[in-house]
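Each chain is listed here by its residues.
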Amino acid sequence: MGDESKLRRWGNDGGGEPRLRCDGCRKIHDVREGTAYAGIRTDLKTYELGAKLLAEGVSIRATGRILEMDKDTICEWVAQLGEHCAKIATYHFRKLHLTECQLDELWTFVFKKEAQLTPLEQMLNLQERVSG
Ligand SMILES: [Zn+2]
């Protein structure tokens, strides 16, 4: 898309949605391009309500019944919303200044390893801990 400061309002698309044109590359963009709303033909209030219902754990079929929409449309929304959420999560999970790390997996590994020790090894291990 290039430099966003070069985008100018460029009329509407067939559905009445505003379009933008880049003065740099002269490409015309849908105003919803790159958002969770891109390509959605449903009324936005309905779509937003659907997204909220899904986020609250309401099933796809139940969301379809509540909104009086086909479950296949809701499935398409789930895919689109999921992809958009993944992009947002990937964007935000960068350059994290972590000071601690939870090592649950490593602890499970150590615990299992200790459980595998023979009685003699367990005794030596215990002795090592007491003296060291
Ligand atoms: Zn451009």
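Structure's up top.
Enquirer: I'd like to hear about the overall build of the protein, residue by residue, with values.
Expert: Each helix and strand counted, the protein has 5 helices and 3 strands in total. Scanning the protein from its N terminus toward the C terminus, one meets helices and strands in the order β-β-β-α-α-α-α-α. Here the protein, with 132 residues, has 5% of them falling under the buried criterion. Intrachain contacts of the protein at a sequence separation of at least 6 include 16% that bridge at least 24 residues.

Enquirer: Quick rundown of the packing of helix 2 (residues 60-67) against helix 3 (residues 71-92)? Include the residues and the values.
Expert: A pair of packed helices is characterised by two quantities: the angle between their axes and the separation of those axes. The contact between helix 2 and helix 3 brings their axes to 8 Å, and the two run at 120°. The chirality of how helix 2 crosses helix 3 is right-handed. On the side of helix 2, the interface is formed by I60, R61, T63 and G64, while helix 3 contributes K71, I74, C75 and V78.

Enquirer: Just give me the short version of the packing of helix 1 (residues 44-55) against helix 3, but keep the residues and values in it.
Expert: Viewed as axis vectors pointing N to C, helix 1 and helix 3 meet at an angle of 75°, and their least axial separation amounts to 11 Å. When the interaxial angle is binned, helix 1 and helix 3 end up roughly perpendicular. The segment helix 1 lies against helix 3, with Y47, G50, A51 and L54 engaging I74, W77, V78 and L81. Of the residues that constitute the contact of helix 1 with helix 3, the class distribution is 7 nonpolar, 1 polar and no charged.

Enquirer: Tell me about the sheet that holds strand 1 (residues 7-12), residues and numbers included.
Expert: Taken in spatial order, the 3 strands make up an open sheet running 1-2-3, and their pairing is antiparallel. Two strands in the sheet have a free side with no partner beyond their single neighbour: strand 1 and strand 3 (28-30). Strand-to-strand twist of the sheet, defined as the mean angle between neighbouring strand axes without regard to direction, takes the value 40°. Pairing of strand 2 (residues 18-22) with strand 3, which is carried by 3 bridges, proceeds in the antiparallel orientation. Bridged to L20 within strand 3 is H29.

Enquirer: Explain helix 1 residue by residue, including any values.
Expert: With 12 residues, helix 1 extends 16 Å between its outermost C-alpha atoms, agreeing within 8% with the 16 Å of an ideal straight helix rising 1.5 Å per residue. Turning to helix 1, its buried residues are Y47, G50 and A51. Along the axis of helix 1, the buried positions cluster into a sector of 100°, meaning they face one direction only. Opposite its buried face, helix 1 presents the exposed residues K45 and K52, each directed more than 90 degrees away.

Enquirer: Tell me about the pairing of strand 2, and name the residues and values.
Expert: Here strand 1 runs beside strand 2; their pairing, made up of 4 bridges, is antiparallel. Within strand 2, the residue paired with R9 across the bridge is L20. Here strand 1 hands over to strand 2 after 5 residues, with G16 in that stretch at a positive phi of 85°. Linking strand 2 back to strand 3 in an antiparallel pair, the connection comprises 5 residues, with R26 at a positive phi of about 65°.

Conventions and cut-offs
- Residues numbered from 1 in each chain as written.
- Predicted model: local features only at pLDDT ≥ 70, side-chain atom pairs only at ≥ 80, totals over all residues.
- Helix = DSSP H or I, 4+ residues; strand = E, 2+ residues; numbered from the N terminus.
- Buried ≥ 20, exposed ≤ 12 C-beta atoms within 10 Å, placed from the backbone.
- Contact = placed C-beta atoms within 7 Å.
- Axes fitted to C-alpha atoms, helices over the stretch in contact; angles between N-to-C directions.
- Left-handed = near helix turned anticlockwise from the far one by under 90°.
- Parallel < 35°, antiparallel > 145°, perpendicular 65-115°, else oblique.
- Nonpolar A, V, L, I, M, F, W, Y, C, P; charged D, E, K, R; others polar.
- Pairing = 2+ DSSP bridges.
- Expected span 1.5 Å × (residues − 1).
- Arc of directions from axis to C-beta.

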